[in-house]
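Analysis of the macromolecular model
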Amino acid sequence: MDQKEIAEEKKEPGLAQDEEGAVVLTERDIQMFKFIHEQRYALHKHLRYGFWPKHSDPANACLRRKQKLRDAGYLLQGYSRVKKRHVFSLTEKSYEELRKRNLDSGLALYKPT
C-alpha cells in the first residue's frame, strides 16, 4: 500500500480534499465558511474567538489556518478602510463547498467591492 492509499483511508467521511491535495477541509472550516457567508464578511477576532476559543494567541492556530485556506483559494482577505482591519470573505470555491452541503442559507455569494 503506497502513501496515497494510506492517506485516502485516513480521510474522515464528509471532508473534502482540495484538488491539489494540499488542504483537507474540516467541519470547523465548513462552519466558519457558513458564518462568514451569513455575515458577508468577518474580522480575525470573530473567527479567532468563535472557532478557536480555547487556543492561546501565541499558538496562532487561527492565523495559520486562515492563511492556509486563503492560499488554497477558499478565503478572500481584504481591508476595510472604515474598520481599519483586515476582513475575510468567501470565494466561489468555498461558496460551492457550502452549496454542495446545502448550507448556503439561500443567500447569493457576497462579492466585496
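Going by the structure above, here's the rest.
What comes next is a walk through the structure. (Residues numbered from 1 in each chain as written. Predicted model: local features only at pLDDT ≥ 70, side-chain atom pairs only at ≥ 80, totals over all residues. Heavy atoms only, no water.)

1. Quick word on unusual backbone geometry
Cut-off, in case you're wondering: Helical segments are the DSSP runs of H or I of at least four residues, strand segments are the runs of E of at least two, and each set is numbered from the N terminus. Note on exposure labels: buried denotes an accessible area under 20% of the residue type's maximum, exposed denotes more than 50%, and partly exposed covers the range between, all computed with a 1.4 Å probe on protein chains only.
Here the phi dihedral of Arg40 falls at roughly 80 degrees; this positive angle occurs in a residue that is not glycine. Counting through the fold element by element, Arg40 comes out in the loop between α2 (27-39) and β1 (42-43). One non-glycine residue with positive phi stands out, namely Ser105, at about 55 degrees. Among the structural elements, Ser105 can be located in the segment after α5 (92-100). By relative accessible area, Ser105 is classed as partly exposed at 39%.

2. Details of the packing of aromatic side chains
What counts, and what does not: The aromatic pairing rule takes the rings of Phe, Tyr and Trp, using the six-membered ring of Trp, and pairs them if the centres are within 6.5 Å, calling planes under 30 degrees apart stacked, those over 60 edge-to-face and the rest tilted.
Under the counting rule described, the total for this entry stands at two aromatic pairs. Considering the side-chain rings of Phe35 and Phe51, the 5.9 Å spacing of their centres and the 65 degrees angle between planes classify their relative orientation as edge-to-face. Placement of the pair is Phe35 in helix α2 and Phe51 in helix α3 (residues 44-51), with a sequence separation of 16 residues. Judged by relative accessible area, which is 28%, Phe35 ranks as partly exposed.

Limitation: the analysis is restricted to geometry and does not speak to function.
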